[in-house]
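Architecture at a glance
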Amino acid sequence: MTATTSASPAAAPSGHGEGPATPATARPSPALCGQVRVPGDKSVSHRALIFGLFAQGETRITGLLEGEDVLNTAKACAALGARVSRQGDGAWTVEGVGARGLSSPPAPLDFGNSGTGVRLMMGAVAGQDIVATFDGDASLRRRPMKRVLDPLVAMGAAVEASAEGGRLPLTLRGSRALKALTYETPVPSAQVKSAVLLAGLGAEGETVVVEREATRDHTERMLAHFGAGIRVEPHGLHGRRITLAGRPALVAAPVDVPADPSSAAFPLVAALIVPGSDVTLTDVMMNPLRTGLITTLLEMGADITVVAERTEGGERVADLRVRHSALRGVEVPPERAPAMIDEYPILAVAAALAQGTTTMRGLSELRVKESDRLAAVADGLAACGIAHQVAGDDLLVTGSAAVAGGGPVATHMDHRIAMSFLVLGLASTQGVSVDDVAFIATSFPTFLPMMRALGAVIA
Ligand code: S3P
């Protein structure tokens, strides 16, 4: 056993947050024009690696997001026994260890900034006879892990050590005698659902997850793709009941990762708010549990044409042609939140340039992301002189035809706060500065050059 059982090193192990910050300023820009493909979907990329780890044989992944979050998951898969390599053609291969074959990692697993990586991997470890220590950067150390640990402990895993409140760093002991569970998720979270399902791979009998509001279903799709027996049924008005047959033999299967709609959101909104713009985003994943932002922007009057919608690798994808548009404020219903949970910061930016007020309801989950995004967005809007109000878990933004800009906006180790306010700067009259762009590399390492190639002025 090599994992540590004491869990209180003074500093988070990851590089970010401890080094000097890299500030940047986005200036009023000419029309954005061109065609780009944003990097691969982050959620699908994490899962492709993890299922590759569990599968018998070699999984080949094309279009993997090579962002820091996903690269940390790749390292963790290797530390748990898989052989993970990048091929000369850019594809990644994972030589799996089989559903029961994970081994204790020789050192703590560092997930950097990534809640998805750490929470899914806790589920993966729970059903194995191994011990692993999980850690991350200062942002990840602040985030709640009990939402994942509670069901895993109920199934038979044990938390041997943790920081206060079940936070990172923590050490988890898995068990081969895991009990299958029927679990209704208390919060709408694909990470919690996925952790329970991954643990369920090692449990005898049927593991059932019930969610009152459906969240992104990439884990369910990939379980089926790798040969597991899985049933998905509707539950109530907006929910689902997912049943997984325990201890399946997973077989390696190729994964082609489509472009990430949550990354596409940034050039997309930039094109809508910078006058004269005409941008095409190719191969964007159109999974209905991820397209809440597009639905909302269309309601706001956005000129978005969905071109060549098709199915690739089990997911709907399309090219999106986006042109500058006169937007108007709308009311976003709370039940839409799971389908656009990562897109509220950039929607707030679109709302800042829209006529009237946009009301976004039911945003409590935004408080536990890479930063408290509700507070970070409100503070950023304030720094740029934009009228807004936080009322409980709701955010109201009142737009105007001309936004002055300002800053520096505090990004709080949060990639999406940094990208959102840089996009705002492109459509402002005086520019917007942000305090640190380093964390953009966690999800969208090519953001700055790609935006500049479209015409954005960011320095
Ligand atoms: C993700 C789920 C969401 C999302 C995150 C990715 C996933 O988190 O915010 O960026 O890949 O499962 P929650 O499950 O905590 O809502």
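Just so we're clear, the structure is a prediction, and the values are computed from it rather than from any experiment. The numbers attached to residues start from 1 for each chain and follow its sequence in the written order. In keeping with the predicted nature of the model, local features appear solely for residues at pLDDT of at least 70, side-chain atom pairs appear and are counted solely at 80 or more, and the whole-chain, interface and lining totals rest on all residues. Each side-chain value is worked out from all heavy atoms of the structure, with water and hydrogens disregarded.

Some thoughts on the nonpolar core
Quick reminder of the rule: In this description, a nonpolar core means a group of buried Ala, Val, Leu, Ile, Met, Phe, Trp, Tyr and Cys residues linked to one another through side-chain atoms lying within 4.5 Å. For every residue, the accessible area obtained with a 1.4 Å probe (protein chains only) is divided by the maximum for its type, and the residue is called buried under 20%, exposed over 50%, and partly exposed between those limits.
Counting 79 residues, the largest nonpolar core has I273, L297, Y344, M360, L422, L424 and F447 as its most contacted members. In this structure, L102, M145, L152 and V192 belong to the second largest nonpolar core, which totals 65 residues.

Some remarks on the side chain of T442
The cut-off we apply is this: Strands are runs of DSSP state E lasting at least 2 residues, helices are runs of H or I lasting at least 4, and numbering of each runs from the N terminus. The contact rule is simple, with two residues in contact once any of their heavy atoms fall within 4.5 Å.
Within the secondary structure, T442 is located in the loop between strand 23 (432-434) and helix 13 (447-454). Taking the relative accessible area as the measure of exposure, T442 reaches 1% and is therefore buried. Excluding residues within four positions of it along the chain, T442 makes contact with K42, G67, E68, D69, N113 and H415.

So, the confidence of the model for the chain
Quick reminder of the rule: Summary of the metric used: pLDDT quantifies the predictor's per-residue confidence within the range 0 to 100.
With 96% of its residues at a pLDDT of 70 or more, the chain has an overall mean of 95. Taking the mean pLDDT of every element in the chain, the minimum, 95, falls on strand 16 (residues 303-312) and the maximum, 99, on helix 8 (residues 261-273). Segment residues 1-10 is flagged for pLDDT under 50; beyond a separation of four residues in sequence, or across chains, it makes 22 contacts in the model.

Details of the pattern of salt bridges
Any two side chains of opposite charge can pair, on the condition that their charged atoms come close. Put simply, the rule is: Take a side-chain nitrogen of Lys or Arg and a carboxyl oxygen of Asp or Glu: if they are within 4 Å of each other, that pair is a salt bridge.
Under the definition given, this model contains 36 salt bridges. The shortest N-O distance in the salt bridge between D283 and R37 comes to 2.9 Å. Of this pair, D283 sits in strand 15 (residues 278-285) while R37 sits in the loop between strand 2 (33-36) and helix 1 (42-54), and the two are 246 residues apart along the sequence. Among the salt bridges present, the one from D278 reaches R321, with a minimum N-O distance of 2.5 Å. Here D278, found in strand 15, pairs with R321, found in strand 17 (residues 315-323); they are 43 residues apart in sequence, far enough to count as distant. Here R321 falls in the partly exposed class, since its relative accessible area comes to 32%.

So, the packing of helix 1 against helix 3 (residues 115-126)
To keep things clear, this is the line we draw: What counts as an axis is a line fitted to C-alpha atoms, over the stretch in contact for a helix, and the angles between N-to-C directions run from 0 to 180 degrees. By definition in this entry, angles of less than 35 degrees are roughly parallel, angles greater than 145 are roughly antiparallel, angles of 65 to 115 are roughly perpendicular, and the rest are oblique. By definition, any crossing whose near helix is turned counterclockwise from its far helix by less than a right angle is left-handed, and any crossing with a clockwise turn is right-handed.
Here helix 1 crosses helix 3 at 20 degrees, and the two axes come no closer than 11 Å. The pairing of helix 1 with helix 3 is recorded here as roughly parallel in orientation. Pair helix 1 / helix 3 crosses with right-handed handedness. Every residue of helix 3 that contacts helix 1 at H46, R47, I50, L53 and F54 is listed here: T116, G117, L120, M121 and A124.

Describing the environment of A158
Mapped onto the elements, A158 comes out in strand 8 (residues 158-163). Separated by 17 residues in sequence, A158 and S175 have C-alpha atoms that sit 8.3 Å apart. Discounting residues that sit within four places of it in the chain, A158 has contacts with T171, L172 and R173.

Points about the pairing of strand 7 (residues 131-135)
Spelled out, the test is: Think of it this way: DSSP has to see at least two bridges between two strands before they count as a pair. Looking down the strands as they point away from you, a crossover is right-handed if its path from the first strand over the helix to the second goes clockwise.
The element strand 7 is largely enclosed, with a buried count of 5 among its 5 residues. Residue alternation in strand 7 divides its side chains into two sets, V131, T133 and D135 and A132 and F134, and both sets are buried. Note: strand 6 (residues 109-110) against strand 7, 2 bridges, orientation parallel. Of the residues in strand 7, the one forming a bridge with L109 is F134. Since strand 6 and strand 7 lie parallel, the crossover through helix 3 that links them has a hand, and here it is right-handed. Relative to strand 9 (residues 167-173), strand 7 runs antiparallel, the two being bridged by 4 bridges. Residue V131 lies in a different strand from strand 9, and its bridge partner there is R173.

Focus: the domain arrangement of the chain
This is how the line gets drawn: Residue ranges for the domains trace back to a domain assignment, done automatically or taken from a database. Buried area is a sum: the accessible area each of two parts loses on coming together, probed at 1.4 Å, counted once for each and added.
Looking at the chain, the domain boundaries give domain 1 (2-41 + 258-458) and domain 2 (42-256). Centre-to-centre, using C-alpha coordinates, domain 1 lies 27 Å away from domain 2. Counting residues at the interface gives 41 residues for domain 1, matched by 47 residues for domain 2. Counting the surface lost from both domain 1 and domain 2, the interface buries some 3,500 Å², and carbon and sulfur atoms represent 50% of this.

Considering the site of the ligand
Filter applied, for reference: Throughout, near means a residue has at least one heavy atom within 4 Å of the molecule or strand. As used in this structure description, the phrase polar contact means that two N or O atoms lie within 3.5 Å; if the pair is within protein, one of them must be able to donate a hydrogen and the other to accept it, and residues adjacent in sequence are counted only when both atoms belong to side chains. To measure how exposed things are, a 1.4 Å probe is used in the Shrake-Rupley method; for residues, cover is taken only from the protein chains shown. All residues other than Ala, Val, Leu, Ile, Met, Phe, Trp, Tyr, Cys, Pro, Asp, Glu, Lys and Arg, Gly among them, are scored as polar; the first ten of these are nonpolar and the last four charged.
Close to the ligand lie K42, S43, R47, T116, P188, S189, A190, Q191, R216, I341, D342 and K369. Within the side chain of S43, an N or O atom sits 2.7 Å from an oxygen atom of the ligand. For the ligand, an oxygen atom lies 2.7 Å from a polar atom in the side chain of D342. For the ligand, the accessible surface in isolation is 380 Å², of which the surrounding protein chains cover 95%. Every element with two or more residues in the shell around the ligand is listed here: helix 1 and helix 6 (190-200). Split into classes, the residues belonging to the shell around the ligand amount to 3 nonpolar, 4 polar and 5 charged. Built from parts of two domains, the shell around the ligand gets at least three residues from each of domain 1 (2-41 + 258-458) and domain 2 (42-256).

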